[in-house]
Amino acid sequence: MNIHKLSKRERERFDFDIIAHWIPAGERVLDLGCGDGNLLRYLSETKRVEGCGVEINPQSVLQCVRNGVNVLQIDIEGGLSGFEDLSFDHAIISQALQAMHATERILAEMLRVAGEAVVSFPNFAYRTNRSAVAKGHMPVSPDLPYEWYDTPNVRFFTLVDFEALCDQLGIEIREKLAFDETGRRVTDDPNLNGSLAFYLLGRRPE
Amino acid sequence: MGVVAPQRFGSDAPLRLKSGVTLPAFELVYETYGTLNASRSNAVLVCHALSGNHHLAGVTADNPDEIGWWDNLIGPGKPLDTRRFFVVGVNNLGGCYGSTGPLSINPETGRRYGADFPLVLVEDWVQAQARLADHLGIETWAAVVGGSLGGMQALEWAMRFPDRLRHVIAIAATPKLTAQNIAFNEVARQAILSDTNFHGGHYAEYGVVPSNGLRLARMIGHITYLSDSQMGDKFGRQLSKGEYQFSYDVNFEVESYLRHQGSKFSAFFDANTYLTTTKALDYFDPAYDHDGDLSAALASARADFLIVSFTTDWRFSPARSREIVFALMKNRRRVSYANVDCDAGHDSFLLADPHYHAVLRAYFENIRL
């Protein structure tokens, strides 16, 4: 499979399958930055989850309502203070963490309101990104599809950076998957060979 | 929507009001749009706000110029599509559009109730609406919808009759009024109460109306329905005669607008209804009986919810809608919440903002019948 050649829908499906694999059927799931609600719809159809999406973009909120997905138009940069502790089984943030400023707070809040968190993000240290920088340019790739001047991304980090932050925040990495840009799973030096990373996180036992 | 005809429903069973007073019987005037389906699963109740009524859409035969107040939302092909839904509009108890209220004749005295009409609150309206639902053969509403005070009625339905509705759509609503909200209401009431034509609420017996007080009340209320930016855009400091008059006559366009709104309103609305309705707003606080815990108040609710607020609404701000949202989330209800960017303040809920109406349309389309 070459994920370059996948349609947007197929590409989404690839991400969704990876995330769905960590979500047991019938759970309560919070999806932060849920976009059009396609992931929650997929999880509700395939896993019968009770989903709640959070999204700030009005058009995406409308699309969620059309999709029959519960969505709250709330700015999560301000935290999740309205949500009760452990009111969800899983909190997901799929390729949206890099577009938010309050990184630490969001990660901490996800593991307050949910038992486990699923985080996926593009790896800025991926091989082709490194070579773009080595040639003097900011990287543009299927997982980082923006020019530097119009990117919604505000946090630029790598797998090892993310893992260091998790450690600092008392977050335990329970599972980790990395894929190159052809969609092939990589285990050898994922910080170099992984374009997209998926983490299953929990609170580190005291 | 075309021509619609108001109908009357009479209930002979006594209605015990929240204030403790019992109303021996009452009548409600209502309109319906569309057709109730065979399984009676497509009925939608639309609750009105402070100055609204049962006439939601279309026109009536004897008043072809009076288009229903939510005509932009309700009708064939509109977001609340009457080809699919059976929509009911009702003038609330205590109203002045034909339902039993201060203008009705008190059977005990043979004269108009006037100020003797008991205070009717949101809970009482909903009880009366439930009697109408019984009369129409509607066991369960597909949805109960309302903006502002109408949204409070929709919330009350969800708490009081959890099995009798499947969806709540509460727009520009609040779980309770703030001190500032009550303060504005109190100034409006004082304007009416201090009008020399008020006569303790029995003005009808003197053949007068406290129109000056009502006019002031409406002017005050109207300011809270609009946003600062919208008033700025609409009027700014525009002068009606192009120059400063250095007098107390109308000089700024905004003065002219408010006076016009006030006069128009005071020509048809009943002052006692205005008074009692502002009190219904002030006293609505479902959390009051639960030590201030709104989620405890909403624990009985079973419906799914769509909550909508408007970014420029400072009367019932988006934060108030979010209180409702999170209280519902605590109860594990299915909730969607849209905070619509619309310039028109609290009154946005009456406008046909394309994004706002698209959200409502999408939500209605996903309601299973």
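Residues numbered from 1 in each chain as written. Chains lettered and ligands numbered in written order. Predicted model: local features only at pLDDT ≥ 70, side-chain atom pairs only at ≥ 80, totals over all residues. Heavy atoms only, no water.

Chemist: Please clarify how the packing of helix H3 (residues 179–193) of chain B against helix H7 (residues 271–283) of chain B should be interpreted in this entry.
Modeler: For any two helices packed against each other, one specifies the crossing angle of their axes together with the interaxial distance. Residues and elements named next belong to chain B. In the contact formed by H3 and H7, the axes pass within 10 Å of each other and the chain directions differ by 160°. When the axis of H3 is compared with that of H7, the two are roughly antiparallel. The element H3 and its partner H7 pack so that their crossing is left-handed. Contact with H3, carried on its side by Ile182, Asn185, Ala188, Arg189, Ile192 and Leu193, involves Ala271, Tyr274, Leu275, Thr278, Lys279, Leu281 and Asp282 of H7 and no other residues of that element. A class-by-class count of the residues in the contact of H3 with H7 yields eight nonpolar, two polar and three charged. (Axes fitted to C-alpha atoms, helices over the stretch in contact; angles between N-to-C directions. Helix = DSSP H or I, 4+ residues; strand = E, 2+ residues; numbered from the N terminus. Parallel < 35°, antiparallel > 145°, perpendicular 65-115°, else oblique. Left-handed = near helix turned anticlockwise from the far one by under 90°. Contact = heavy atoms within 4.5 Å. Nonpolar A, V, L, I, M, F, W, Y, C, P; charged D, E, K, R; others polar.)

Chemist: Sorry if this is basic, but what is going on with the packing of aromatic side chains here?
Modeler: For any pair of aromatic rings, the description consists of the separation of the ring centres together with the inter-plane angle of the planes. This model, assessed by the stated rule, comprises 31 aromatic pairs over all chains. Aromatic side chains Phe16 of chain A and Tyr42 of chain A sit 5.6 Å apart centroid to centroid with 40° between the ring planes, which places their arrangement in the tilted category. Pair noted here: Phe16 of chain A is in helix H1 (residues 8–20) and Tyr42 of chain A is in helix H2 (residues 38–47), with a separation of 26 residues, a long-range link. What makes Phe16 of chain A buried here is its relative accessible area of 10%. Connected via pairs of aromatic rings, a cluster forms that spans Tyr97, Phe265, Phe268, Phe269 and Tyr274 of chain B. We note Arg28 of chain A situated over the ring of Phe88 of chain A; from NZ or CZ to the ring centre the distance is 4.9 Å. Cation over ring: Arg218 of chain B sits above Phe265 of chain B, and NZ or CZ is 4.3 Å from the ring centre. (Phe/Tyr/Trp six-rings, centres within 6.5 Å; stacked < 30°, edge-to-face > 60°. Buried < 20%, exposed > 50% of the residue type's maximum accessible area, 1.4 Å probe, protein only. Lys NZ or Arg CZ within 6 Å of the ring centre and 35° of its normal.)

Chemist: Please explain helix H6 (residues 159–168) of chain A as it appears in this structure.
Modeler: Along an α-helix, residues three or four apart share an orientation, since each turn contains 3.6 residues. All names here are of chain A. Those residues of H6 that sit buried are Leu159, Phe162, Leu165 and Cys166. On an axial view of H6, the arc spanned by its buried residues comes to 125°, and they lie on one face. Those residues of H6 that are buried lie in contact with helix H4 (103–113), strand S5 (114–122), strand S6 (171–179), helix H7 (190–193) and strand S7 (196–203). Residue Gly170 follows H6 closely and has a positive phi angle near 75°. (Arc of directions from axis to C-beta.)

Chemist: I keep staring at H3 of chain B and nothing clicks. Help me out?
Modeler: All names here are of chain B. Across its 15 residues, H3 extends 20 Å between first and last C-alpha, which sits within 8% of the 21 Å expected from 1.5 Å per residue. Taken together, the buried positions of H3 are occupied by Asn181, Asn185, Ala188, Arg189, Ala191 and Ile192. Angularly, the buried residues of H3 cover 155° about the axis, an arc narrow enough to put them on a single face. (Expected span 1.5 Å × (residues − 1).)

Chemist: Is there a simple way to think about empty space enclosed by the protein in this case?
Modeler: Rolled over the atoms, a probe as big as a water molecule pinpoints where empty space is left. What the rule picks out here adds up to five cavities of 30 Å³ or more. If you go around the largest cavity, the residues you meet are Arg28, Glu50, Gly51, Cys52, Asn70 and Phe88 of chain A together with Met329, Arg332, Arg333, Arg334 and Val335 of chain B. With three residues, the top contributor of residues to the lining of the largest cavity is strand S2 (residues 50–54) of chain A. A breakdown of the residues in the lining of the largest cavity according to their chemical character gives four nonpolar, two polar and five charged. Considered as a void within the structure, the second largest cavity measures approximately 60 Å³ in volume. Along its surface, the second largest cavity is lined by 14 residues, and His48, Leu50, Gly95, Thr273 and Thr277 of chain B are the ones closest to its centre. Grouping the constituent residues of the lining of the second largest cavity by class yields six nonpolar, eight polar and no charged. (1 Å grid on protein atoms, 1.4 Å probe; cavity = no way out; pocket = protein on both sides within 12 Å on 5 of 7 lines; lining within 4 Å. Points joined across faces, edges and corners; volume = space filled by probe spheres on them.)

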